[in-house]
Amino acid sequence: MKILKIAALSAVFAAQFALAQFKQTPLPYAYNALEGNIDAQTMEIHYSKHAAAYVANLNKAIAGTPQEKQTLFQILSNVSKLPAAVRNNAGGHYNHELFWTVLTPEKNTQPSAKLAKAINDAFGSMDAFKEKMSKAGADRFGSGWAWLSVDKNGKLFVSSTPNQDNPLMDVVEEKGTPIFGIDVWEHAYYLKYQNKRADYLAAIWNVTNWKEISRRYEEAISKK
Ligand code: MN
């Protein structure tokens, strides 16, 4: 009886792993933690419906293909050779997993000295960087993302991608390692901000997780 139970449980686990290679990490704060800047209902729908759908559809799209055994990084860096469903959903999964971590309810987090210097070197000042990043998000026509990334020489740059593309993909013009991304799909802000994307972009700076962006920066440059 006991053995049968264990066998049955193992089969369940095996099936889960086979069907769900990728999964969402838990949101690192409550849905209402960013209230005032991003409302709880938007966070809940965004995480539990939109982002959940990307990972479910990614797992569906790669089922029975060699991508099932690849890392997300491998899939993204080869995405030009893969179906659109893989591009859209692998991008969607990666982008959202990054997005949750670069936001925080913690007030006044600060970039590390190294990142602060790199921002000054690349953009002239923190304010000039923020302006450029917000503009990248505001100017994105339709749905997409604004990014702060590290290029192959270790230099910071701001870019924007359509849909769920990102700078790790071999299909994008400006390639690099993203360390900060802002989702400018309407699903990220419409309930609270309606058509006022610029107000949402301004509010992002109140909940930016500079500790996490600094950690990602140092990780990216250590690999150069
Ligand atoms: Mn989104």
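Note: the structure precedes this text.
Described in the following lines is the structure provided in the data block. Bear in mind the structure is a predicted one, so any value in this text is a computation, not a measurement. (Residues numbered from 1 in each chain as written. Predicted model: local features only at pLDDT ≥ 70, side-chain atom pairs only at ≥ 80, totals over all residues. Heavy atoms only, no water.)

1. As for the packing of aromatic side chains
Moving on, step 1. Across all of its chains, the model carries 13 aromatic pairs by this definition.
Moving on, step 2. The interplanar angle of 50 degrees and the centroid separation of 6.3 Å between the aromatic rings of Phe-180 and Trp-210 together place this pair among those described as tilted. Here Phe-180 is found in strand 3 (residues 177–183), whereas its partner Trp-210 is found in helix 9 (residues 210–222), with 30 residues between them in sequence. As far as burial versus exposure is concerned, Phe-180 and Trp-210 are alike and both buried.
Moving on, step 3. With a centroid separation of 5.0 Å and 25 degrees between ring planes, the pair formed by Tyr-189 and Tyr-200 is classed as stacked. Of this pair, Tyr-189 sits in the loop between strand 3 and helix 7 (190–193) while Tyr-200 sits in helix 8 (residues 197–204), placing them 11 residues apart in sequence. The residues Tyr-189 and Tyr-200 share a single accessibility class, namely buried.
Moving on, step 4. What links up through ring pairs into an aromatic cluster is the set Tyr-31, Tyr-47, Phe-99, Trp-100, Trp-145 and Trp-147.
Moving on, step 5. Of note, Lys-192 hangs over the ring of Tyr-193, and the distance from its end group to the ring centre comes to 5.5 Å. (Phe/Tyr/Trp six-rings, centres within 6.5 Å; stacked < 30°, edge-to-face > 60°. Helix = DSSP H or I, 4+ residues; strand = E, 2+ residues; numbered from the N terminus. Buried < 20%, exposed > 50% of the residue type's maximum accessible area, 1.4 Å probe, protein only. Lys NZ or Arg CZ within 6 Å of the ring centre and 35° of its normal.)

2. Points about the sheet that holds strand 2 (residues 156–162)
Moving on, step 1. Strand order in the open sheet made by the three strands is 2-1-3, with antiparallel pairing throughout. Unpaired on one side and paired on the other, strand 2 and strand 3 mark the two borders of the sheet. When strand polarity is set aside, the average angle formed by the axes of neighbouring strands in this sheet is 25 degrees.
Moving on, step 2. Sheet strands touched by helix 5 (residues 113–123): strand 1 (144–150), strand 2 and strand 3. Its angle to strand 2, the strand with the most contacts, is close to 75 degrees. (Pairing = 2+ DSSP bridges. Axes fitted to C-alpha atoms, helices over the stretch in contact; angles between N-to-C directions. Contact = heavy atoms within 4.5 Å.)

3. Comments concerning the coordination of the manganese ion
Moving on, step 1. The manganese ion binds to the protein through His-46 (NE2), His-96 (NE2), Asp-183 (OD) and His-187 (NE2), with metal-donor distances spanning 1.9 to 2.1 Å.
Moving on, step 2. In primary sequence terms, the donor set of the manganese ion follows H-x49-H-x86-D-x3-H. In this pair, His-46 is assigned in helix 2 (residues 40–62) and Asp-183 in strand 3, connecting sequence segments 137 residues apart.
Moving on, step 3. With relative accessibility at 0%, the residue Asp-183 sits in the buried group. (Donors = N, O, S within 2.8 Å, 3.2 Å for Na, K, Ca; no water.)

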